[in-house]
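Working through the structure, step by step
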Amino acid sequence: MVEPVYLFDLVEKQRSWLSARQSVVAQNVANANTPGYKAVDIAPFSKVLDQSALQLAGANNLHIQAAAFDPRATSPKEGANWETSLSGNAVSLEQELMKAGEIRGAFSLSTSIMKSFHGMWMATLKG
């Protein structure tokens, strides 16, 4: 019997968090010219993961299972912005584009990790 690989679950949780962060960054960029708009960001993945309960494997089906991670449970928070315009808008396009680049890099890294581990897993199954 093959046991489940929890690495894939962790990567999926990170990708869900990255999707949520990407939508927040896109919202910030879309409101770059909105007077009085304050840029927001979500908590870092490490803090969100520390605060959320992980799904632990139990030895018995009668054990209580912890709740799964839900990236929608992370509420956007006001971020530290580099500048504020005269209209009160606190969106820095440079800062938001840097965040978008970090998100893209993290997606690429998680995809590479998934491919590598999937390939190793398939190689062990084929024998």
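Now for a quick tour of the structure. None of these values were measured; they are calculated from a predicted model.

1. So, the overall build of the protein chain
- A tally of regular secondary structure across the protein chain gives 3 helices and 2 strands.
- Taken over 127 residues, the protein chain has a buried fraction of 29%.
- Within the protein chain, residue pairs in contact and separated by at least 24 positions form 72% of the contacts whose partners lie at least 6 positions apart.

2. Here we look at the pattern of salt bridges
- Counted according to the given criterion, the structure contains 5 salt bridges.
- Put simply, R21 and E102 hold a salt bridge, and the shortest N to O gap is 3.6 Å. Placement of R21 in helix α1 (residues 6–30) and of E102 in helix α3 (residues 93–126) is noted, with a sequence separation of 81 residues between them.
- For R21, a relative accessible area of 11% corresponds to the buried category.
- Measuring nitrogen to oxygen at the nearest pair gives 3.6 Å for the salt bridge that ties D41 to K99. Placement of D41 in strand β1 (residues 40–41) and of K99 in helix α3 is noted, with a sequence separation of 58 residues between them. As far as the burial class goes, D41 and K99 line up, both buried.
- A single salt-bridge network, built from bridges that share partners, covers R21, D41, E96, K99 and E102.

3. Remarks on the environment of S110
- Its place among the elements puts S110 in helix α3.
- The buried category is assigned to S110, whose relative accessible area is 1%.
- It is 9.7 Å that separates the C-alpha atoms of S110 and F8, two residues lying 102 residues apart in sequence.

4. So, the packing of aromatic side chains
- Tallied over the entire structure, the rule returns 1 aromatic pair.
- Relative to F45, the ring of W17 has its centre 5.8 Å away and its plane inclined at 50 degrees; by these criteria the two rings are tilted. Placement of the pair is W17 in helix α1 and F45 in helix α2 (residues 45–51), with a sequence separation of 28 residues.

5. A short note on the nonpolar core
- By size, the foremost hydrophobic cluster in this structure holds 18 residues, and its most contacted members are W17, L18, I42, V91 and I103.
- Of all elements in the fold, only α1, α2 and α3 reach the threshold of two or more residues within this core.
- At 5 residues, α1 tops the list of elements feeding residues into this core.

Rules and cut-offs
- Residues numbered from 1 in each chain as written.
- Predicted model: local features only at pLDDT ≥ 70, side-chain atom pairs only at ≥ 80, totals over all residues.
- Heavy atoms only, no water.
- Helix = DSSP H or I, 4+ residues; strand = E, 2+ residues; numbered from the N terminus.
- Buried < 20%, exposed > 50% of the residue type's maximum accessible area, 1.4 Å probe, protein only.
- Contact = heavy atoms within 4.5 Å.
- Salt bridge = Lys/Arg side-chain N within 4 Å of Asp/Glu carboxyl O.
- Phe/Tyr/Trp six-rings, centres within 6.5 Å; stacked < 30°, edge-to-face > 60°.
- Core = buried A, V, L, I, M, F, W, Y, C linked by side-chain atoms within 4.5 Å.

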